[in-house]
Amino acid sequence: MSERITGAEALMRSLQAADVKTIFGYPGGAIMPVFDALYDYTRGATKAFDHILVRHEQAAAHAAEGYARVSGKVGVCLVTSGPGATNTITGVADAMMDSTPIVVIAGQVSTAALGTDAFQEVDLVGMSQPITKWSYQIRSAADVAWAVSKAFYIARSGRPGPVVLDFPKNAQQGLTEWKPVDHVSLRSYHPYPTISVEAVAQAAELINHAKRPLALVGQGVELAGAQAELAAFLARADIPAARTLLGLSALSTFHPLNMGMVGMHGNYAPNMKTQECDVLIAVGMRFSDRVTGNLATYARQAKVIHLDIDVTEIDKNVKTDVAVLGDCRQTLAAITDRLEPARHTEWIGSFAKYADMERQKVIERAIHPTEGPLLMGEVINEVAEQTQANAILVNDVGQNQMMSCRYFKYRHSRSVVTSGGLGTMGFGLPAAVGAVLGAPQRQVCLFMGDGGFQMSIQELGTIMEQRLPLKMILLNNNYLGNVRQWQDMFFHGRKSFTRMLNPHYQSICQGYGIGYGVAIGRDELKARVAEMLSAEGPYLLECAVKEEDNVLPMITPGSSVDEMILEVNL
């Protein structure tokens, strides 16, 4: 006779079958049967999950993102209906923009009450469909195993992304015969395109005849686990490479063919050389506006090869000459097999002139100043040096994000957790919680501005409760710095509501039992960073940085990538 169990119990077993180990959540009325079932799965001999009680549901979604980004697994969060569910929407949208696999399971009022404006009822499926790979309402206990298996398959396969499951209370409480389900395919869903041999041959032909090739490396390389294939591809044809913001750790900072980061606040050389290359090879990236600048003038001289798993990205922003659809781990290897060994010594050497200009006019001033207040760049550089480029970088959004992505260093893959497409302030702290739990063997360093920190400051409670060994660096300039920079540059210095009156962060840390240090003078920075890194448990290092420091270089809005400015006089 088959075993009959509740829908809530079926969810627990289905999550076990999906190899879930960690859940980020917050209980409430409409999800209470699930949390009751979860009780027995988080303790004693039957323990299967670690449940991390966050302090806000948005943080649950961001923590699931951070966990997924560093672990390569699907992040999971569990919340209640109504505001609990809607609070996750920002994290869901963020995950969709950045191709992050998470599954959000939200409680819902019973199906009999749907459409009656019942207490804490919202149309979660309708709200979330445009920003998910799949959104589904589980209306009976019998559908739980099927829906959960499908959710995880869709979230992690092909181009990853978020899935939302809306779980009415009667389906949680109803009974069903337990039968596990394992999706390995779905009719009408084809996440891995068939690789065109002809397209591979055309791409290889263009690269073999290129005199000035340039590769743009995106996060797709890391999502596919294609770091080794990328290195072999670049080495065989001697192709210089630039990385996008999300693709920074797909290629080591120290790789000889790494030319830096492209984009609005990227490196000067690869942005300038984008307008000189004859073949541009985009690997697992989406040609964001922050990468291309003015599309009308972007790389017009180049033949464009685009490797991507998602057909909707082809020709969306930049016209492609050869599109190679498929998992880039496979497509890179297929193209490499057809490449002729090459050397582009003169072309690669030509990057040095621009790199030297940036180093003299921007980098040295940012990381090795000799006078004045602390600068963001020198703080980030000091942390990078003392962690020997082995740490995971998590950051919030704004100047702290651009500066830390520019000046941190990476030896290992899956070492950057940042909100790229949506640019979500408040992302950093909860995402770092997820990163620590997703990669417990690695050091995690979180950089925040005072604005983003205060958007999710309540998650210090999660860090306190879990005693997470997170190292937090607060770059405190008393401004919403990125907006202030734009106000100075484009709005005649009219600083409209960007200056902030900040709290006493040391007292806040004391209240949460979190270690605290402060760096004000340049002469004490090295020692304060060393104290932070050697401290047991969580630690916040507050750095009093220059109030009106600017992130440079910069491609100003509407400009071409080769119109990047190195200096600004305000």
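Before reading further, recall that the structure is shown in the block above.
Residues numbered from 1 in each chain as written. Predicted model: local features only at pLDDT ≥ 70, side-chain atom pairs only at ≥ 80, totals over all residues. Heavy atoms only, no water.

1. Details of the overall build of the chain
Within the chain, the secondary structure is distributed over 24 helices and 20 strands. For the chain, whose C-alpha radius of gyration is 24 Å, the value lies close to the compact-globule estimate of 25 Å for 570 residues. By its C-alpha atoms, the chain is 75 × 65 × 45 Å across when sized along the principal axes. Burial analysis of the chain (570 residues in total) assigns 59% to the buried set. Long-range pairs, those at least 24 residues apart, make up 77% of the contacts in the chain with a sequence separation of at least 6. In the structure as shown, the chain presents an accessible area of about 22400 Å², 51% of it carried by carbon and sulfur atoms. (Helix = DSSP H or I, 4+ residues; strand = E, 2+ residues; numbered from the N terminus. Rg over C-alpha atoms; globule rule 2.2 N^0.38 Å. Buried < 20%, exposed > 50% of the residue type's maximum accessible area, 1.4 Å probe, protein only. Contact = heavy atoms within 4.5 Å. Areas by Shrake-Rupley, 256 points an atom, 1.4 Å probe, with all protein chains shown as cover.)

2. Examining the packing of aromatic side chains
This model, assessed by the stated rule, comprises 13 aromatic pairs. Judged by centre distance (6.0 Å) and plane angle (75°), the rings of Phe287 and Tyr298 are edge-to-face. Taken together, the residues Phe287 in the loop between strand 12 (279-283) and helix 13 (289-292) and Tyr298 in the loop between helix 13 and strand 13 (303-308) connect sequence positions 11 residues apart. Classification of Phe287 as buried rests on a relative accessible area of 2%. Taken together, Trp134, Tyr136 and Trp146 form an aromatic cluster joined through their ring pairs. One Lys or Arg, Arg43, reaches over the ring of Tyr39 and ends 3.9 Å from the middle of that ring. We note Arg499 situated over the ring of Tyr479; from NZ or CZ to the ring centre the distance is 5.2 Å. (Phe/Tyr/Trp six-rings, centres within 6.5 Å; stacked < 30°, edge-to-face > 60°. Lys NZ or Arg CZ within 6 Å of the ring centre and 35° of its normal.)

3. Thoughts on the sheet that holds strand 15 (residues 392-395)
An order of 16-15-17-18-20-19 is seen for the 6 strands of this open sheet, with the pairing classed as parallel. Each edge of the open sheet carries a strand with a single partner, namely strand 16 (416-417) and strand 19 (515-519). As judged from the 5 bridges shared by strand 17 (residues 444-449) and strand 18 (residues 471-476), these two strands associate in the parallel manner. When the sheet's bridge partners are listed, Phe447 is paired in strand 18 with Ile473. Contacts from helix 24 (residues 525-534) reach strand 17, strand 18, strand 19 and strand 20 (539-544) within the one sheet, and its direction differs from that of strand 20 by about 165°. (Pairing = 2+ DSSP bridges. Axes fitted to C-alpha atoms, helices over the stretch in contact; angles between N-to-C directions.)

4. Comments concerning the pattern of salt bridges
Evaluation of the coordinates by the stated rule reveals 23 salt bridges. Residue Arg359 is joined to Glu364 by a salt bridge in which the shortest nitrogen-to-oxygen separation is 2.9 Å. Using a relative accessible area of 39% as the deciding quantity, one classes Arg359 as partly exposed. It is possible to trace a salt-bridge network through shared partners that takes in Arg159, Asp310, Glu313 and Lys316. (Salt bridge = Lys/Arg side-chain N within 4 Å of Asp/Glu carboxyl O.)

5. A look at unusual backbone geometry
Here the residue pair Leu552 and Pro553 is connected by a cis peptide bond, since its omega of 0° sits within 30 degrees of zero. Along the polypeptide, Pro553 turns up in the segment after strand 20. Not every positive phi belongs to a glycine, and Asp19 is a case in point at roughly 65°. In this fold, Asp19 is placed in the loop between helix 1 (7-17) and strand 2 (22-25). Residue Asp19 is classed as partly exposed on the basis of its relative accessible area of 43%.

6. With respect to the sheet that holds strand 14 (residues 322-325)
The strand order across the open sheet formed by 6 strands is 11-10-9-12-13-14, and the pairing between neighbours is parallel. Sheet topology places strand 11 (258-261) and strand 14 at the edges, where each strand pairs with a single neighbour. Direction aside, neighbouring strands of the sheet carry axes that sit 20° apart on average. Both strand 9 (residues 213-217) and strand 10 (residues 241-243) contribute to a ladder of 3 bridges, which runs parallel. Note that in strand 10 the partner of Val217 across the bridge is Arg243.

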